[in-house]
Amino acid sequence: MESALEAAINEWHVSVNDGDLQRSARAVGDPIVVMGPKGAGPITPEQFAEWVERSGIKLIPRSWHPVSERLMVVEEDATWPESEAPTRVATVFRVAGEKVTAALRLPDLESALELAYLCREMAATE
């Protein structure tokens, strides 16, 4: 049976990969914290949907790495409209309720797991 964490992350992937802007906006919290090669910070669900449209990205999950009840690292194959071949990346996802509240994309699984474990420890000591 799929956990709430997995269900929210699956919904995020489906909405992004389908390029469904309304569904993408509903799949995320307000705000959602994002990180990628062009920067990091909180954005609104509408800004997230705009990014989905602008980027044209597709992220195919390849491996799942649970970190806590709210954190999961997913290794993915990323493609963009101009891509000739997929690029392997990893995303740290944080979920609250049924929504993704953080999607922090890193260049590899090792750095994503490092960040996720650090986030887990920071949350545990608040």
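Everything numeric here is computed off the predicted structure, so don't read it as measured data.

About the criteria used
Residues numbered from 1 in each chain as written. Predicted model: local features only at pLDDT ≥ 70, side-chain atom pairs only at ≥ 80, totals over all residues. Heavy atoms only, no water. Helix = DSSP H or I, 4+ residues; strand = E, 2+ residues; numbered from the N terminus. Core = buried A, V, L, I, M, F, W, Y, C linked by side-chain atoms within 4.5 Å. Buried < 20%, exposed > 50% of the residue type's maximum accessible area, 1.4 Å probe, protein only. 1 Å grid on protein atoms, 1.4 Å probe; cavity = no way out; pocket = protein on both sides within 12 Å on 5 of 7 lines; lining within 4 Å. Points joined across faces, edges and corners; volume = space filled by probe spheres on them. Expected span 1.5 Å × (residues − 1). Phe/Tyr/Trp six-rings, centres within 6.5 Å; stacked < 30°, edge-to-face > 60°.

Geometrically, the link from D30 to P31 is a cis peptide bond, its omega value of 10° lying close to zero. Looking at the element boundaries, P31 is found in strand β1 (residues 28-36).

Among the nonpolar cores identified, the biggest contains 21 residues, and I9, W12, I32, F48, F93 and V100 are the most heavily contacted of them. Counting residues per element, this core draws most heavily on helix α1 (residues 4-18), at 5 residues. Counting residues in each nonpolar core, the second largest holds 11 residues, with L71, V73, V92 and L104 among its members.

Attention now moves to the layout of surface pockets. Approximately 480 Å³ is the volume found for the largest pocket. If you trace the largest pocket, you find 20 residues lining it, with G36, P37, K38, W51 and R105 closest to the centre. Broken down by secondary-structure element, the contributors of at least two residues to the lining of the largest pocket are β1, β2 (39-43), α3 (45-55) and β6 (99-106). If one sorts the elements of the lining of the largest pocket by residue count, α3 sits on top with 6 residues.

In this section: α1. Helix length check: α1 (15 residues) gives 21 Å between terminal C-alpha atoms against 21 Å at 1.5 Å per residue, within 8%. Three or more residues of α1 are buried, namely L5, A8, I9, W12, H13, S15, V16 and N17. Phi for G19, located one or two positions after α1, is positive at around 65°.

Here we take up the packing of aromatic side chains. What the rule picks out here adds up to 3 aromatic pairs. Here the aromatic rings of W12 and F93 are separated by 4.9 Å at their centres, their planes lie at 75°, and the arrangement is edge-to-face. With W12 in helix α1 and F93 in strand β5 (residues 87-96), this pair connects stretches of sequence that are 81 residues apart. Of the two residues, W12 and F93, both sit in the buried class.

Shape descriptors only; they carry no functional weight alone.
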